[in-house]
Amino acid sequence: MITLVKRPMPSRMWSVTTPIIAVIATMIAGGILFAALGKDPVAAIRTIFWDPLFGPNAGYFRGQLLVKAGPLILIASGLAVGFRAGIWNIGAEGQYIIGAICGAGVALAVFPAESALLFPAMVVAGGIGGLVWAMIPALLKNRFGVSEILVSLMLVYVAQNLLAYMAFGPMKNPQGFGFPGSRNLQQYPSAHNPELIAGTGMHWGVVAALLAVIGTYVLMHRHIAGFRIRVAGEAPKAARFAGVVPARLVVACLGLSGALAGLAGLFEVAGPSGQITDAFNAGYGFTAIIVAFLGRLHPIGILLAGLLMALTYIGGDMAQLMLQLPAAAIQVFQGMLLFFLLGFDLLTNYRIRFGGAPA
Amino acid sequence: MILGGIDIVVLIATLMAASTPVLLAATGELVAEKAGVLNLGVEGMMIMGAVGGFAAAVATGSPVLGFLGGALAGAAMALIFAFLTQVLLSNQVATGLALTLFGLGLSALIGKGFEGVRPPPTPKLPFGPLAEIPVAGRILFSHDWMVYASLALVAATWWFLRHSRAGLILRAVGENHDAAHALGYRVVAVRVTALAFGGALAGLGGAYLSLVRVPQWTEGMTAGAGWIALAIVVFASWRPERVLLGAYLFGGITAIQLQMQAAGYKIPVHLLTMAPYVVTIVALVLITALHRRGAQAAPAALGRSFHAST
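Residues numbered from 1 in each chain as written. Chains lettered and ligands numbered in written order. Predicted model: local features only at pLDDT ≥ 70, side-chain atom pairs only at ≥ 80, totals over all residues. Heavy atoms only, no water.

Draft legend 1. Up close: the overall build of chain A. Along the backbone of chain A there are 15 helices and two strands. At 22 Å, chain A has a C-alpha radius of gyration in line with the 21 Å of a compact globule built from 359 residues. Overall size of chain A, expressed as C-alpha extent along the three principal axes, is 80 × 55 × 35 Å. Intrachain contacts of chain A at a sequence separation of at least 6 include 77% that bridge at least 24 residues. Of the roughly 15,200 Å² of accessible surface on chain A, a fraction of 69% belongs to carbon and sulfur atoms. Here chain A holds 21 positive side-chain charges and 11 negative ones, and the gap between their average locations is 16 Å. (Helix = DSSP H or I, 4+ residues; strand = E, 2+ residues; numbered from the N terminus. Rg over C-alpha atoms; globule rule 2.2 N^0.38 Å. Contact = heavy atoms within 4.5 Å. Areas by Shrake-Rupley, 256 points an atom, 1.4 Å probe, with all protein chains shown as cover. Lys, Arg positive; Asp, Glu negative; His and termini not counted. Charge placed at Lys NZ, Arg CZ, Asp CG, Glu CD.)

If you want it as structure tokens, here you go:
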């Protein structure tokens, strides 16, 4: 007979090891999946996890790593703060899209004027766009008690349709020969978010992601506000006695995560992606949720988890190219990772006893 | 009867078919939430039902077996969720999200070979002369059997929750799992069963999308229907008869915007497609604002893990 005994405190040791166990378990389960698809599992795992870093063309892929990890880390840092407080913003994908539309909108409105102030203005517009979009669920929750989970998620679909409308309508490139999609911001020097150091993939979004990691670390672990946020999540009643106002917390958490997601969208549209198209969003807003959990909602963990998740994206692309592994396989892989992580988390909060309940 | 270029009778008839997927999924989720489990993976279960049902129907040539396959696929997904949240006591919100992300990926993987394939047709029920009645015949007697089955399922769910002993136990588990446990009811078993039922209905809803509504398999074809089903449960204040109302309201919006697209209104198509999601948000706000008891209407133990300490 196996019984579970709740630990008085979550185990620190297991809290660090479960993500690693989960990654290994996912590799094994993923290998089985790849074998079921008729691919060599060892080759597939090597292509995804090893070749982008140390394989023959690693030089190119290492740069891509930061390009993919940047938005994931930036979004996940913000989400983790809210998740700690028990505020579930799962509409980061929508805030990311709106940030991109607002930021690109500023650039397209003044095209072709050149100014050193343009890019900073775009950054501000992108952040505000994401913030405003996240304020919708925040205000509806505070004013009417509507679930922020459902509203933020619904708004993803609204944002997606708005994006398509922009790409086919108001933002369509007048010199684009009728093709949908905006002007390419990569060819607009003042608006372009360039690679800062050639070959590294480092752009302003990656810088922002690192700043977000440092900022949220200071906020959550070195500042009284972070302590209040964590108490609000773990013991809402105690938090209220300690003077935490739930409504303000909702606005702060959704605002922060929305602004960071909006920034991520802006840096993407001005940099690696270059233009507003109806297929501009690549699911970073959803994958960032996995990153936040895989990183144990801790800034440093998120940094590592973001890099790992970026690796699976690049490795997935490679496996698609070289092993004809379907693109969706990597999505399954990421979903499984979250399953294993949540499942193994049992070990952090509970002790397993064999042979009946303790005396 | 034509109003602003839209035939009202056709509109109501399409509304019933358009609502069926969310109606099924919302009814299933209602039962799971009544047992105290918040499963945010409806979208993932629905899309697995869509691909599973499609695959089963194409392989066997029988739409009935297709629907069965869809229900099984949805239930299998729900059991993954049940294992994680009920046995391994994982966070329900996070696990539900994982289920959705996993389902979207896995369905795309399975569905690769089915793109562009046509499923065997699901025939409309032959009502004979009844279908010839003007207006009422077109609205009431022009559907396939799943539309009527979904209505019967709502009625059965209403009866089960309201009038059966098992339904009472299920509600007790959802309101206060510690008390139910103390009375000797098996909390985890009740919840796992409720989840499996919810998953099966979500799968049926998904299969209805791919086998009847569209009818085709395309990646990500549920397009948020699962999330709308979740919203409808809240909108309905956890009551089956109101789920029916909510689903038909949502189906009505979908049907109107489709008819408006067809009638050639000068509104960009993307703004029309946005309408159901905006309306869902507005409906959620209105219902919670109207009777400030939305929170009390929710089962008291909703979303909380159960761990028998003794």
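So much for the structure itself; the text now carries on.
Draft legend 2. Region of interest: helix 10 (residues 225–235) of chain B. Burial analysis of helix 10 of chain B places 10 of its 11 residues in the buried class, the great majority of the element. Looking one or two places after helix 10 of chain B, you find B:Ser237, whose phi comes out positive at around 50 degrees. (Buried < 20%, exposed > 50% of the residue type's maximum accessible area, 1.4 Å probe, protein only.)

Draft legend 3. Seen up close, the environment of A:Arg222. With respect to the element layout, A:Arg222 can be found in helix 8 (residues 204–222). At 3.3 Å, the side chain of A:Arg222 and the side chain of A:Tyr217 are in polar contact. (Polar contact = N/O pair within 3.5 Å; in protein donor to acceptor, adjacent residues only side chain to side chain.)

Draft legend 4. Main features of empty space enclosed by the protein. Taken as a whole and assessed by the stated rule, the structure comprises six cavities of 30 Å³ or more. The space that makes up the largest cavity amounts to roughly 90 Å³. Residue lining of the largest cavity: B:Ala231, B:Ile232, B:Phe235, B:Gly246, B:Leu249, B:Phe250, B:Pro276, B:Val279, B:Thr280, B:Ala283 and B:Leu284, and that is the complete set. Every element with two or more residues in the lining of the largest cavity is listed here: helix 10, helix 11 (240–262) and helix 12 (269–290) of chain B. A per-element tally of the lining of the largest cavity places helix 12 of chain B first, with five residues. Its volume calculated, the second largest cavity comes out at about 40 Å³. Along its surface, the second largest cavity is lined by A:Ser77, A:Ala80, A:Val81, A:Arg84, A:Thr216, A:Met220, A:Leu297, A:His298, A:Pro299 and A:Ile302. (1 Å grid on protein atoms, 1.4 Å probe; cavity = no way out; pocket = protein on both sides within 12 Å on 5 of 7 lines; lining within 4 Å. Points joined across faces, edges and corners; volume = space filled by probe spheres on them.)

Draft legend 5. Region of interest: a nonpolar patch on the surface. All names here are of chain A. A cluster of nonpolar residues, Val16, Ile20, Ile24, Ile28 and Ile32, forms a patch on the protein surface that exposes about 510 Å² of accessible area. In this fold, Ile28 is placed in helix 1 (residues 12–36). Judged by relative accessible area, which is 55%, Ile28 ranks as exposed. (Patch = residues over 30% accessible without salt bridge, like charges linked within 9 Å, V, L, I, M, F, W, Y side chains within 5 Å. Salt bridge = Lys/Arg side-chain N within 4 Å of Asp/Glu carboxyl O.)

Draft legend 6. Structural context of the environment of B:Ala76. Here B:Ala76 shows up in helix 3 (residues 63–87). Distance from B:Ala76 to B:Phe141, taken between C-alpha atoms, is 34 Å for residues 65 residues apart in sequence.

Draft legend 7. The interface of chain A and chain B, seen in detail. Taken together, the contact between chain A and chain B spans 41 residues of the former and 44 residues of the latter. Summing both partners gives a buried area of about 3,700 Å² for chain A against chain B, and 84% of it is carried by carbon and sulfur. If you sort the residues of chain A by the area they bury against chain B, A:Leu150, A:Met154 and A:Phe339 come out on top, with a joint share of 19%. Run the count over chain A and chain B and you get zero salt bridges. (Buried area = accessible area lost by both parts, 1.4 Å probe.)

Draft legend 8. Helix 1 (residues 8–34) of chain B, seen in detail. Residues and elements named next belong to chain B. Thr20 marks the point of greatest bend in helix 1, at about 40 degrees, and the proline Pro21 comes within the next four residues. Its side-chain oxygen 3.1 Å from the backbone nitrogen of Val9, Asp7 forms the N-cap of helix 1. Of the residues trailing helix 1, Gly36 is marked for its positive phi of about 95 degrees. (Bend = angle between axes of the 7 residues up to and from the residue.)

Draft legend 9. Highlighting unusual backbone geometry. Residues and elements named next belong to chain A. Phe111 connects to Pro112 through a cis peptide bond whose omega is 0 degrees. One can find Pro112 in the loop between helix 5 (92–110) and helix 6 (118–144). Unusually for a residue other than glycine, Arg296 sits at a positive phi of about 55 degrees. Looking at the secondary structure, you find Arg296 in the loop between helix 12 (284–294) and helix 13 (299–323).

Draft legend 10. Seen up close, the packing of helix 2 (residues 42–60) of chain B against helix 10 of chain B. Residues and elements named next belong to chain B. Where helix 2 meets helix 10, the closest approach of the two axes is 7 Å, and the angle between their N-to-C directions is 130 degrees. In terms of orientation, helix 2 lies oblique with respect to helix 10. At the point where helix 2 passes helix 10, the crossing takes the right-handed sense. Counted together, Val42, Glu43 and Met46 of helix 2 and Ala225, Gly226, Trp227, Ala229 and Leu230 of helix 10 form the full contact between these two elements. Looking at the contact of helix 2 with helix 10, its residues break down into six nonpolar, one polar and one charged. (Axes fitted to C-alpha atoms, helices over the stretch in contact; angles between N-to-C directions. Parallel < 35°, antiparallel > 145°, perpendicular 65-115°, else oblique. Left-handed = near helix turned anticlockwise from the far one by under 90°. Nonpolar A, V, L, I, M, F, W, Y, C, P; charged D, E, K, R; others polar.)

Draft legend 11. The arrangement of the pattern of salt bridges in detail. All names here are of chain A. Taken as a whole and judged by the stated rule, the model has six salt bridges over all chains. Here Arg46 makes a salt bridge to Asp51, at a shortest N to O gap of 3.9 Å. Relative accessible area serves as the criterion here: at 44%, Arg46 is assigned to the partly exposed category. On the basis of relative accessible area, Asp51 is assigned to the buried category, the value being 9%. Where Asp345 meets Arg296, a salt bridge forms, and the shortest distance between an N and an O atom there is 2.7 Å. You can see Asp345 sitting in the loop between helix 14 (327–344) and helix 15 (346–349) and its partner Arg296 sitting in the loop between helix 12 and helix 13, a full 49 residues away along the chain. According to the relative accessible area criterion, Arg296 is partly exposed, its value standing at 24%.

Draft legend 12. Quick peek at the nonpolar core. In this structure, A:Leu185, A:Ile276 and B:Trp227 are the most contacted members of the largest nonpolar core, which totals 197 residues. Discounting residues that sit within four places of it in the chain, B:Trp227 has contacts with A:Ile90, A:Ile149, A:Leu150, A:Leu153, A:Met154, A:Tyr157, B:Leu40, B:Glu43, B:Leu97 and B:Thr100. By size, the runner-up hydrophobic cluster in this structure holds 15 residues, among which are A:Ala85, A:Met135, A:Ala138 and A:Ala239. (Core = buried A, V, L, I, M, F, W, Y, C linked by side-chain atoms within 4.5 Å.)

Draft legend 13. Highlighting the packing of helix 14 of chain A against helix 4 (residues 92–111) of chain B. For the pair helix 14 of chain A and helix 4 of chain B, interaxial distance at closest approach is 8 Å and the crossing angle is 155 degrees. Relative to helix 4 of chain B, the element helix 14 of chain A lies roughly antiparallel. The two elements helix 14 of chain A and helix 4 of chain B meet at a crossing, and its hand is left-handed. Here A:Ala328, A:Ala329, A:Gln331, A:Val332, A:Gly335, A:Met336, A:Leu338, A:Phe339 and A:Leu342 of helix 14 of chain A lie close against helix 4 of chain B, whose contacting residues are B:Ala94, B:Thr95, B:Ala98, B:Leu99, B:Leu101, B:Phe102, B:Leu104, B:Gly105, B:Leu106, B:Ala108 and B:Leu109. A breakdown of the residues in the contact of helix 14 of chain A with helix 4 of chain B according to their chemical character gives 16 nonpolar, four polar and no charged.

So yeah, pure geometry; function would need other evidence.
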